[in-house]
Amino acid sequence: MQIVTANRLRDGRVVFRDGAGRWVEALAAAAVLDVAAAGAAVAASAADVAARLIVEPYAIDVVEGPDGVTPKTMREKIRAGGPTSGSETAALAALDRAA
């Protein structure tokens, strides 16, 4: 089982592709796919790369458990957990100032 992930270009946040092809921040909302469907979803994500919505879409392996979907690798668990340093509030304020 796999899900498709990328980074949103606007703010660098980790996002996941849902069943409708939208990019969402919640891992729980990601579409869980077989390997072939995940490959197709990555290919379909090229339009969002071209539109500069996301960068570097790729499929990751996940497992389903009693608490929902969990990435298999530590790297992807960390990415799914959100920012690991600094204040998110400060980072969002900096984005607003830059706009």
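Data block above holds the structure.
Residues numbered from 1 in each chain as written. Predicted model: local features only at pLDDT ≥ 70, side-chain atom pairs only at ≥ 80, totals over all residues. Heavy atoms only, no water.

**Considerations on the overall build of the protein**
Part 1 of the argument: Summing up its helical and strand segments, the protein has 4 helices and 5 strands in all.
Part 2 of the argument: Ordering the α and β elements of the protein from the N terminus gives β-β-β-α-α-β-β-α-α.
Part 3 of the argument: In the protein, which comprises 99 residues, the share counted as buried stands at 29%.
Part 4 of the argument: For the protein, the accessible surface area stands at approximately 6,100 Å², while carbon and sulfur atoms represent 57% of it. (Helix = DSSP H or I, 4+ residues; strand = E, 2+ residues; numbered from the N terminus. Buried < 20%, exposed > 50% of the residue type's maximum accessible area, 1.4 Å probe, protein only. Areas by Shrake-Rupley, 256 points an atom, 1.4 Å probe, with all protein chains shown as cover.)

**A few points about the side chain of R17**
Part 1 of the argument: Within the fold, R17 resides in strand 2 (residues 14-17).
Part 2 of the argument: A polar contact of 3.4 Å, which involves the side chain of R17, links it to the side chain of S45.
Part 3 of the argument: Sequence-distant contacts of R17, defined by excluding residues within four places in its chain, comprise V4, R22, W23, A30, A31, A41, A44, S45 and D48. (Polar contact = N/O pair within 3.5 Å; in protein donor to acceptor, adjacent residues only side chain to side chain. Contact = heavy atoms within 4.5 Å.)

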